[in-house]
Amino acid sequence: MQNDLAPERVDRESTEWAARQDLAAAYRMIDRFFPTTDGIYNHLSLRVPGSSRQFLIKRHALLYREVSASNLVAVDMDADLDERAGVNRPGFVLHSGVLRARPDVQCVIHMHTVPGIAMSAHGMGLRMISQAAIRFYKRIGYHPFEGVTDNPDERERLAAALGTNHALFLRNHGIVVTGSSVREAFERTRDLMTACEIQLALEAATDNIVEVPDAICESTVRQLELHDSGRGKADWPAWRRLMDEVAPGYAD
């Protein structure tokens, strides 16, 4: 078992430093927009640029609002780490499992929000009753509850449940959202939380709910993905301004 992780020393002109800034800002933005992070628990992770078998994650003892570019740690996804190494064991198991199985995924977000946990236990799953939900049409998996995710053997089952999807409901537990960048994972997380809240509110209010037909869902999700991969990139400066406004201190 590895001892406490050494302080990180990273060239501030490198692509890794820029990646660290993005991830640290996302931690602080999650804390601002979704303040149900279970204190020091739940995690965001990001592949280390240029290193396919390492990823960045927060130190176990830090609150989300304390995370910065310099105090994130790079860990080996093929190692066997726990709190004695300075990282949370369940967080390491979950994130290493997803990143090992999905080379196309760069960023992973795991959260225990109230609407996310509620929907993870919903017998019908996510219903296509909002545009936010349609973003996950046939692109969300479900993994049965096995207890705390501290067993390395669960990594393969988590990866199988996720498949090629964008997100995963951990039954009775919470959500996992993936992205090709920090920004994409964050925006998918925001959409998934919106979709959960809309569904729970509607179901509490009425049984007369209009669902979007499959054919329209299929065409709409393709529209959204095309937009995300092309035209949507034009608002990158606005994303950067949001990071600077909402997450001061992330760049240190």
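Residues numbered from 1 in each chain as written. Predicted model: local features only at pLDDT ≥ 70, side-chain atom pairs only at ≥ 80, totals over all residues. Heavy atoms only, no water.

1. Let's talk about the overall build of the protein chain
- Broken down by element type, the protein chain carries eight helices and seven strands.
- In terms of C-alpha radius of gyration, the protein chain reaches 18 Å, essentially the compact-globule figure of 18 Å for 252 residues.
- Each of the three principal axes of the protein chain carries a C-alpha extent, and together these read 55 × 40 × 30 Å.
- Look at the contacts in the protein chain between residues 6 or more apart in sequence, and 70% of them connect residues 24 or more apart.
- Taken as a whole, the protein chain presents about 11500 Å² of accessible surface, with 52% of it coming from carbon and sulfur.
- Across the protein chain, the 29 positively charged side chains and the 35 negatively charged ones have centroids separated by 3 Å. (Helix = DSSP H or I, 4+ residues; strand = E, 2+ residues; numbered from the N terminus. Rg over C-alpha atoms; globule rule 2.2 N^0.38 Å. Contact = heavy atoms within 4.5 Å. Areas by Shrake-Rupley, 256 points an atom, 1.4 Å probe, with all protein chains shown as cover. Lys, Arg positive; Asp, Glu negative; His and termini not counted. Charge placed at Lys NZ, Arg CZ, Asp CG, Glu CD.)

2. Topic: the layout of surface pockets
- By volume, the second largest pocket is sized at about 220 Å³.
- In terms of lining, the second largest pocket is formed by 16 residues, of which the most central are P90, H110, H112, T149 and H173.
- Classifying every residue of the lining of the second largest pocket gives six nonpolar, 10 polar and no charged. (1 Å grid on protein atoms, 1.4 Å probe; cavity = no way out; pocket = protein on both sides within 12 Å on 5 of 7 lines; lining within 4 Å. Points joined across faces, edges and corners; volume = space filled by probe spheres on them. Nonpolar A, V, L, I, M, F, W, Y, C, P; charged D, E, K, R; others polar.)

3. Some words on the packing of helix 2 (residues 89–101) against helix 5 (residues 154–162)
- With their axes 8 Å apart at the nearest point, helix 2 and helix 5 run at an angle of 55° to one another. By the angle class used here, helix 2 and helix 5 are oblique. Handedness of the crossing formed by helix 2 with helix 5: right-handed. Seen from helix 2, the contacting residues are F92, V93, L94, S96, G97, V98, R100 and A101; seen from helix 5, they are R155, E156, L158, A159 and L162.
- When its residues are assigned to classes, the contact of helix 2 with helix 5 shows eight nonpolar, two polar and three charged. (Axes fitted to C-alpha atoms, helices over the stretch in contact; angles between N-to-C directions. Parallel < 35°, antiparallel > 145°, perpendicular 65-115°, else oblique. Left-handed = near helix turned anticlockwise from the far one by under 90°.)

4. Describing the pattern of salt bridges
- Under the defined criterion, the tally for this structure stands at 17 salt bridges.
- Where R20 meets E16, a salt bridge forms, and the shortest distance between an N and an O atom there is 3.0 Å. One end of the pair, R20, and the other, E16, are both in helix 1 (residues 15–33), four residues apart, so they sit about a helical turn from each other.
- R20 gets classed as buried once you look at its relative accessible area, which sits at 0%.
- Between E211 and R127 there is a salt bridge; the shortest N-O distance is 2.8 Å. With E211 in the loop between helix 6 (182–205) and helix 7 (214–229) and R127 in the loop between helix 3 (114–120) and helix 4 (131–134), the pair connects residues that are 84 residues apart, well separated along the chain.
- With a relative accessible area of 35%, E211 lands in the partly exposed category. (Salt bridge = Lys/Arg side-chain N within 4 Å of Asp/Glu carboxyl O. Buried < 20%, exposed > 50% of the residue type's maximum accessible area, 1.4 Å probe, protein only.)

5. Here we look at empty space enclosed by the protein
- Evaluation of the coordinates by the stated rule reveals one cavity of 30 Å³ or more.
- Reported here for the largest cavity is a volume of approximately 40 Å³.
- Taken together, H143, P144, F145, E146, G147, T149, E154, L158, L170, R171 and H173 make up the lining of the largest cavity.
- Residues of the lining of the largest cavity, tallied by class, amount to four nonpolar, four polar and three charged.

6. Describing the nonpolar core
- Within the largest apolar cluster, 67 residues are counted, with the highest numbers of intra-cluster contacts made by Y27, L44, V75, L126, F169 and L192.
- Not counting residues within four places of it along the chain, the set of residues in contact with L44 comprises L23, A26, Y27, I30, L56, I57, Y64, H95, V108 and I109. (Core = buried A, V, L, I, M, F, W, Y, C linked by side-chain atoms within 4.5 Å.)

7. Notes on the packing of helix 1 against helix 6
- Across the interface, helix 1 lies against helix 6 with an axial gap of 10 Å and an inter-helix angle of 15°. Between helix 1 and helix 6, the interaxial angle falls into the category roughly parallel. Regarding helix 1 and helix 6, the two cross each other, and that crossing is right-handed. Of the residues in helix 6, those in contact with D22, L23, A26, M29, I30 and F33 of helix 1 are V182, F186 and T189.
- Split into classes, the residues belonging to the contact of helix 1 with helix 6 amount to seven nonpolar, one polar and one charged.

8. Points about the packing of aromatic side chains
- One pass over the structure, following the stated rule, counts four aromatic pairs.
- Between F55 and F92, the ring centres sit 6.0 Å apart and the planes meet at 20°, which makes this aromatic pair stacked. Taken together, the positions of F55 in strand 2 (residues 51–57) and F92 in helix 2 put the pair 37 residues apart, joining distant regions of the chain.
- Residue F55 is classed as buried on the basis of its relative accessible area, which comes to 0%.
- F92 sits in the buried class, given a relative accessible area of 2%. (Phe/Tyr/Trp six-rings, centres within 6.5 Å; stacked < 30°, edge-to-face > 60°.)

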